[in-house]
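Chain by chain, the residues run as shown.
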Amino acid sequence: MHEQLPFSQPSGATAAGLAFIRTFLEHHPTPDGFLGALPFTGLDATGGSEHELQAVVLGRGEDIDLVRTINRSNYLANIVKRAASGEISRRKVEELQHFLNAEEEQVWENSWVRFPRRLLGPRADGLLNDDLRADKGVADSQPRSDLGKFVQHAEGEVWLRLPISYLLKLALADLLDTAAGQPDLLRRKGEQLLEHFTNDNSSPETVSFYVCSPEKPGRLGVELARESALRFLMSQTLAGYANGRFRLRENGQLVRVYFSPLPGGRQKKLNTLVSDSFYRELFMSPCLSGWQRGEEKHRYMALCHQTLSRSQLNGLGKLKEAGIITRNLVVLPNTSNISLANNGIHISLGSRKLGDWLQNAGSGFGPAEEKHFGDLAIKLVEHFLPLFVGTYSAAPRRIAYADFHPEVALGFLAHELDYTHLRMLWRRWKKKAAIKVGGQPLTPFGPDFIDRNVSRFFGLKGDYVPDFRLVDYFVCLLSTCRCPALDGSLGNLERLKNDLDDLGVFDRNMAAYLLYRLRTMDGMGYSGFEGRYYSLFPGFGADMAEAADLQVLLTAVAFRHILSGSVHHHDIPDDPTVESERRQIFFGAALGIPTFYVAQNTGNRFLKDILSRVEEIRKSRRYPGYLRVKNRAYRLALVRYLREEERDLVGMLDGAGLLASLEDRLRDEHRLSAATRMSETVLGKPGGSPLDLDAEVFNTSLEEGYRTRLRLQQIREALDCLNTLFRNAGRDPAVDRHHLGATVDAILGGEALESFLRRMADQFGREEEDRDTDGLGRLGFLITYATQLMDGRNRRTPQH
């Protein structure tokens, strides 16, 4: 293995990087010693995750803050006046008014909530005062300039207007006011948890309550899934507590938070009816929580929204230059892009070994090596990312025939793939979709009434895609010819952003978007990677745990190649075409496209090695000089590659069962994949086809399924997880059983744990949990105590 190191060809590698590899191999000359010293092997990996949740308020429009805000706005008054004078079409005003007044619709995505301030306890009120300061780092800071958005006078008293993201944090602070009689450790731990409720986009965000460590090699995913389940349950508990404690339900506002990967249909509709600036006023997070100067962060998020909206418009030109748009009749994208309302789950991995090397001045491993090896690891892992799409996480969506315009359906792909792969993908997607007349694809013409009639007359249904979020959101930046994103050099992403800013694609002030993002010690306090390609996991244990373990395995595989010297940067050239070539496989999997094409003379040596193992591959007749590859065959070849070429590493990380489960998902995707299982929540039975349902019906039903059935299913899983955690803690010799029992008794007032959890499961199932704020408070303290126990166990886990 070590003899493969091509020291005579250092192209694309820093001299320091090669020097570190030499030293590493000299210190670990045996195969076992080499494997054991790799980052992300054994018990080395640590992990955490970030949840982006969908938030809605259920109720009649007259009680909902979103509706009240629009009705009282200058914006509505101005467009009504302009419509009356004939300056603008009356139709747009009528559509907006119909949206606001439709009695049958009582779901309002990302609306804020209103309630009297007097309902806050002292701790919550003090927290609010602190968060309303312009600069929290300055003791005598003035209030925020937009204070009037949040504190208003109505009905003879002070009322609060707050986004749901901040409501959850405020509910936790209020809950801590009821901690009298509870052990002090619960109050202290609860204070720490406040910092984990934050957000900068429209949706509520939470980050891990503690850093997870595996009890056994290859089992970090179990710990990550357990922590995620506890955090999700806490979010449900706090939403229910707020509904009752702050009398939201009593005032016609019922808050729900849940996992949903795509913007709600009604929010998308509203986005088409208002201006981009008014949309930002309604939905952009005020960044009350988690930021020292919240107004600055809020302005940054407005910049992100403006940039993505501009980028979407600029994509039209690229599609025309690529030959995909062939006529001047197009559907002009809205000037306000809604992709920031997309919700995903990010899983971050850290390596204690990388951290130790960086902190040891004599190791020869510094920020330059961290960047050099980190970028190469990202390029290697990207080849394997199609394994995750639709299998573990998904965002199913029906695309109606009328929406099958390239400028609508292709999302941000014009900025993520080069022209060659974009054309290939679009042609193959049209072939896959149900838009054929006489055997030939017929794309929509543009005017709605024509497209609806054509669809109805010819029975054109559009398409179903497994993970539309990965297309509808700007998930990665494509390198430019002169500024590669992943060549291993310090400052490369800043140079790329400058290039893309000049091209009108991105903004140099925004954080770089990548599928697998390097997290540096200087920037984050740990060295590792963040996986940003997850949409929605149907289950914590069945899906998230396995996905996280696969992420650990693939990252370890990448470092094996890097530190053995078998792969260098020049083996995966930093060229936009080569970059696009590997990413087209990922995006094709997200769209459910069965084939892709790779140049026979590709400069990507690593991809060539994988393709040599693919069973269903042939020369393309349509594209001379290209290979035609089946996507599923490619993914199965990746599994075979891991089994055969990485068998010792797979064995070390106990990954045989993981790969067997993954192969089952790939071979029986119509039954076992995450996308299929989520779609079946809509269809109500296995084996049905999403194309049998109207696109709007399917998508609306799926949103309802996320809000009801999937939410309750995940709550039950989380309650079971909580019960198991306390049972295991009772058998842990490091835990004082007497203290454990006494603390649980104090929290539950003597009620048996299993009885209490069954009672809460029943209340959640009847959606009546907020009627029992005392029970929710006890559940919140129970989760807090579980977090304390798990945090302590993780800190006891051996580091190496």
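Higher on the page you've got the structure.
From a predicted model like this one, the values you see are computed outputs, not experimental measurements. (Residues numbered from 1 in each chain as written. Predicted model: local features only at pLDDT ≥ 70, side-chain atom pairs only at ≥ 80, totals over all residues. Heavy atoms only, no water.)

**Student:** Describe the pattern of salt bridges, listing the residues and the values that go with them.
**Tutor:** On inspection of all chains with the given rule, the structure shows 60 salt bridges. As a salt-bridge pair, arginine 245 and aspartate 174 come within 3.1 Å of each other at their nearest N and O atoms. Here arginine 245 is found in helix 9 (residues 220–245), whereas its partner aspartate 174 is found in helix 7 (residues 164–176), with 71 residues between them in sequence. Owing to a relative accessible area of 28%, arginine 245 belongs among the partly exposed residues under this scheme. Notably, a salt bridge pairs arginine 771 with glutamate 768, separated by 2.8 Å at the nearest N-O pair. Several salt bridges share partner residues, and in doing so they unite Glu215, Glu223, Arg226 and Arg793 into one network. (Salt bridge = Lys/Arg side-chain N within 4 Å of Asp/Glu carboxyl O. Helix = DSSP H or I, 4+ residues; strand = E, 2+ residues; numbered from the N terminus. Buried < 20%, exposed > 50% of the residue type's maximum accessible area, 1.4 Å probe, protein only.)

**Student:** Which residues make up helix 12 (residues 294–321), and what values go with them?
**Tutor:** Between its first and last C-alpha atoms helix 12 spans 41 Å; for 28 residues at 1.5 Å apiece the expected length is 40 Å, and the two agree. Downstream of helix 12 by one or two residues, glycine 323 has phi in the positive range, about 85°. (Expected span 1.5 Å × (residues − 1).)

**Student:** Can you tell me about the sheet that holds strand 8 (residues 205–207), naming the residues and giving the values?
**Tutor:** Spatial ordering of the open sheet is given by 7-8-1-10-16-15, a layout of 6 strands whose pairing is antiparallel. Of all the strands in the sheet, the pair left with one neighbour each is strand 7 (197–198) and strand 15 (516–519). Summarising the sheet, strand 1 (residues 45–52) and strand 8 pair through 3 bridges and their orientation is antiparallel. For glutamate 52, the partnering residue across the bridge sits in strand 8 and is glutamate 205. Each of strand 15 and strand 16 (528–534) is contacted by helix 14 (residues 367–382), which is oriented at about 165° to strand 15, the strand it contacts most. (Pairing = 2+ DSSP bridges. Contact = heavy atoms within 4.5 Å. Axes fitted to C-alpha atoms, helices over the stretch in contact; angles between N-to-C directions.)

**Student:** How would you summarise the sheet that holds strand 9 (residues 254–258) if you had to cite specific residues and measurements?
**Tutor:** Here we have 3 strands laid out as an open sheet, ordered 3-2-9, and antiparallel in their pairing. The open sheet has two edge strands with one neighbour each: strand 3 (107–109) and strand 9. Adjacent strand axes in the sheet meet at a mean angle of 30°, parallel and antiparallel pairs treated alike. Bridge count for strand 2 (residues 54–58) against strand 3 is 3 bridges, and the pairing is antiparallel. Across the sheet, residue leucine 58 finds its bridge partner in strand 3, namely valine 107. Helix 29 (residues 695–731) rests against strand 2, strand 3 and strand 9 of the sheet, and its axis sits at about 85° to strand 9.

**Student:** Break down the nonpolar core for me, with residues and values.
**Tutor:** By size, the foremost hydrophobic cluster in this structure holds 252 residues, and its most contacted members are Trp429, Leu550, Leu563, Tyr634, Leu722, Phe726 and Leu779. Per-element accounting of this core gives the leading share, 15 residues, to helix 21 (residues 540–564). Among all residues touching phenylalanine 726, those that are not within four sequence positions of it are Leu740, Val744, Leu753, Leu782, Tyr785, Ala786 and Leu789. Ranked by size, the runner-up nonpolar core spans 5 residues in total, among them Met424, Ala599, Tyr623 and Tyr626. (Core = buried A, V, L, I, M, F, W, Y, C linked by side-chain atoms within 4.5 Å.)

**Student:** Tell me about the side chain of arginine 635, and name the residues and values.
**Tutor:** Following the sequence through the fold, arginine 635 ends up in helix 24 (residues 631–645). Leave out the neighbours within four places in its chain, and arginine 635 touches Pro386, Leu387, Val389, Thr391, Ala589, Leu666 and Glu669.

**Student:** So what's going on with the side chain of glutamate 205? Which residues, and what values?
**Tutor:** Take glutamate 205: it is sitting in strand 8. Buried charge without a salt bridge: glutamate 205, with lysine 297 as the nearest opposite-charge side chain at an N-O distance of 8.2 Å. Among all residues touching glutamate 205, those that are not within four sequence positions of it are Glu50, His51, Glu52, His196, Phe197, Thr198, Asn199 and Asp200. (Lys, Arg positive; Asp, Glu negative; His and termini not counted.)

**Student:** Provide a residue-level description of a nonpolar patch on the surface, including the pertinent values.
**Tutor:** Together, Phe445, Phe449 and Ile450 give the surface a local cluster of nonpolar side chains, amounting to about 260 Å² of exposed area. As for its position among the elements, phenylalanine 445 is in the loop between strand 13 (440–441) and helix 17 (448–458). (Patch = residues over 30% accessible without salt bridge, like charges linked within 9 Å, V, L, I, M, F, W, Y side chains within 5 Å. Areas by Shrake-Rupley, 256 points an atom, 1.4 Å probe, with all protein chains shown as cover.)

**Student:** Now, about helix 6 (residues 122–131): what can you tell me, with residues and values included?
**Tutor:** The complete set of buried residues in helix 6 reads Ala124, Leu127, Leu128 and Asp131. What you see down the axis of helix 6 is that its buried residues fit within an arc of 100°, all on one side. The inward-facing, buried residues of helix 6 contact strand 6 (157–162) and helix 7. (Arc of directions from axis to C-beta.)

**Student:** Talk me through the pairing of strand 5 (residues 151–154); I want residue IDs and the actual numbers.
**Tutor:** Two elements, strand 5 and strand 6, share 4 bridges in a ladder whose sense is antiparallel. Along strand 6, the bridge assignment pairs valine 151 with leucine 160. From the end of strand 5 to the start of strand 6, which pair antiparallel, there are 2 residues, and glutamate 155 there has a positive phi angle of about 55°.

**Student:** Describe the state of the cysteines, listing the residues and the values that go with them.
**Tutor:** Considering all chains together, one arrives at 0 disulfides under this definition. With no disulfide of its own, cysteine 212 lies closest to cysteine 721 among cysteine sulfurs, the gap being 11 Å. Unpaired in this structure, cysteine 304 has its nearest cysteine sulfur neighbour in cysteine 287, at a distance of 9.6 Å. Judged by relative accessible area, which is 3%, cysteine 304 ranks as buried. (Disulfide = S-S within 2.5 Å.)

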